[in-house]
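Residue-level structure breakdown
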Amino acid sequence: SMLRCVVCLATTAHATSRTSRVYPGRLGLYHRVAGVVPKNEALALGEKALALPRDAWASDRHVSYQTKDVSVELVMPDFEATIWARRVRPALSRCYAVPEADLRLEDCF
């Protein structure tokens with residue numbers, strides 16, 4: 001099975017771990033986990049994204065809502081191996097009690 005998740009990089013220095021129910025069921029929980037991506041790293045990723053040329057940003061990537069974003073791979077080519085596999089996936093595995101092998105990165109922006 002595959003768990004689809006939205007992962008937000010918190011940039012607030014006082015981010016604390018907390019859980020909120022957003023949908024019914026076991027997977028309907030939103031977990032905010034402090035320290036997975038430290039503030040300085042999240043801000044550095046943001047600076048790199050903002051330094052990309054304007055044509056790197058797309059507004060047609062998401063059908064269900066209007067946005068203008070850029071794929072994280074354009075900002076950090078090794079994001080999946082370094083941030084996702086080593087930090088985010090293990091944290092999600094613990095939060096949702098799902099084996100890491102069942103978690104896939106579908107989209108990150």
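Rules used in this analysis
Residues numbered from 1 in each chain as written. Predicted model: local features only at pLDDT ≥ 70, side-chain atom pairs only at ≥ 80, totals over all residues. Heavy atoms only, no water. Salt bridge = Lys/Arg side-chain N within 4 Å of Asp/Glu carboxyl O. Helix = DSSP H or I, 4+ residues; strand = E, 2+ residues; numbered from the N terminus. Expected span 1.5 Å × (residues − 1). Buried < 20%, exposed > 50% of the residue type's maximum accessible area, 1.4 Å probe, protein only. Arc of directions from axis to C-beta. Contact = heavy atoms within 4.5 Å.

Attention shifts here to the pattern of salt bridges. As enumerated under the stated definition, the model contains two salt bridges in all. Between Glu41 and Arg87 there is a salt bridge whose closest N-O contact spans 2.7 Å. A residue pair is termed long-range when its members are at least 10 positions apart, and Glu41 in helix 1 (residues 39-51) and Arg87 in helix 3 (residues 79-96) qualify at 46 residues. For Glu100, the salt bridge identified is with Arg89, shortest N-O distance 3.3 Å.

The end-to-end C-alpha distance of helix 1 is 18 Å, a good match for the 18 Å that 13 residues give at a rise of 1.5 Å each. The set of residues buried in helix 1 consists of Ala42, Leu45 and Ala49. Buried positions in helix 1, seen along its axis, are confined to an arc of 60° and lie on one side of it. Facing away from the buried surface of helix 1 by more than 90 degrees, the exposed residues are Asn40, Glu47, Leu50 and Ala51. For helix 1, the secondary structure elements touched by its buried residues are helix 2 (72-75).

Let us look at the environment of Pro90. Take Pro90: it is sitting in helix 3. Overall, Pro90 belongs to the buried group, its relative accessible area being 14%. Taking the C-alpha atoms as reference points, Pro90 and Leu103, 13 residues apart in sequence, are found 9.3 Å from one another.

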